[in-house]
Amino acid sequence: MRVLNLLEFQVRHNLEKEKEKLAGLYVGNPKRETARPTAEILLAAFKEITLLLMEVKNEVYAHLTALSPLQKRILALLGFPISIYTQLDGQSFTPE
């Protein structure tokens, strides 16, 4: 519960500081904007992410779905660099 509250607080605080609203969170109404998104609706924006792991010659490669502009904006509002997500793409891991 605390993590959800912190997520909401951080995004809402940064939206207020930048005097902005976030659009694209509501599936049926993509132009609807809000300055007070809930943690649940923010997390739902990431539900279409796919992680694909492929094993080739004893190495496992990861491929991630590209982030949408909305997902990138949410990460920025949370204070995370985009590299927190993109650094995982294309990496190889040796299975143990």
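Before any of the text, the structure's been laid out above.
None of these values were measured; they are calculated from a predicted model.

S.K.: An account of the overall build of the protein is needed here, citing residue identities and associated values.
M.R.: Tallying secondary structure elements over the protein gives four helices and five strands in all. Rg of the C-alpha trace for the protein: 16 Å, well past the compact-globule value of 12 Å for 96 residues, more than 25% over. Expressed along its principal axes, the backbone C-alpha trace of the protein runs to roughly 50 × 30 × 25 Å. With 96 residues in all, the protein has 27% of them scored as buried. Within the protein, contacts between residues at least 6 apart in sequence are counted, and of these 52% link residues at least 24 apart. Surface summary for the protein: the accessible area is close to 7000 Å², and the carbon and sulfur share equals 57%. Averaged over its 12 positive side-chain charges, the protein has a centre that lies 10 Å from the centre of its 11 negative ones.

S.K.: Give a description of the side chain of Glu8 that names residues and reports values.
M.R.: Along the chain, Glu8 falls in helix α1 (residues 2–17). Residues contacting Glu8, with those up to four places away along its chain left out, are Pro37, Thr38, Ala39 and Glu40.

S.K.: Which residues make up unusual backbone geometry, and what values go with them?
M.R.: Phi is positive for Lys19, which is not a glycine, with a value near 50°. The residue Lys19 is located in the loop between α1 and β1 (22–23) in this model. Relative accessible area serves as the criterion here: at 75%, Lys19 is assigned to the exposed category.

S.K.: Give a description of helix α3 (residues 69–77) that names residues and reports values.
M.R.: Within α3, the full set of buried residues consists of Leu70, Gln71, Ile74, Leu75 and Leu77. Here the buried residues of α3 occupy an arc of 160° about the axis, which is enough to place them on one side. Looking at the buried residues of α3, the elements they touch are α1, β1, α2 (39–44) and α4 (83–86). Count one or two residues on from α3 and you reach Gly79, which has phi positive near 85°.

S.K.: Which residues make up the nonpolar core, and what are the values?
M.R.: Counting residues in hydrophobic clusters, the biggest one holds 14 residues, and the most contacted among them are Val11, Leu22, Leu25, Leu42, Leu70 and Ile74. Elements that contribute at least two residues to this core include exactly α1, α2 and α3.

S.K.: Please set out the pattern of salt bridges residue by residue, giving values where relevant.
M.R.: Within the structure shown, the criterion is met by three salt bridges. In this structure, Arg73 and Glu18 form a salt bridge, with 2.5 Å as the shortest nitrogen-oxygen distance. Pair noted here: Arg73 is in helix α3 and Glu18 is in the loop between α1 and β1, with a separation of 55 residues, a long-range link. Of the residues examined, Glu18 reaches a relative accessible area of 35% and is grouped as partly exposed. Across the pair Glu20 and Arg73 runs a salt bridge whose closest N-O atoms are separated by 2.8 Å.

What counts and how
- Residues numbered from 1 in each chain as written.
- Predicted model: local features only at pLDDT ≥ 70, side-chain atom pairs only at ≥ 80, totals over all residues.
- Heavy atoms only, no water.
- Helix = DSSP H or I, 4+ residues; strand = E, 2+ residues; numbered from the N terminus.
- Rg over C-alpha atoms; globule rule 2.2 N^0.38 Å.
- Buried < 20%, exposed > 50% of the residue type's maximum accessible area, 1.4 Å probe, protein only.
- Contact = heavy atoms within 4.5 Å.
- Areas by Shrake-Rupley, 256 points an atom, 1.4 Å probe, with all protein chains shown as cover.
- Lys, Arg positive; Asp, Glu negative; His and termini not counted.
- Charge placed at Lys NZ, Arg CZ, Asp CG, Glu CD.
- Arc of directions from axis to C-beta.
- Core = buried A, V, L, I, M, F, W, Y, C linked by side-chain atoms within 4.5 Å.
- Salt bridge = Lys/Arg side-chain N within 4 Å of Asp/Glu carboxyl O.

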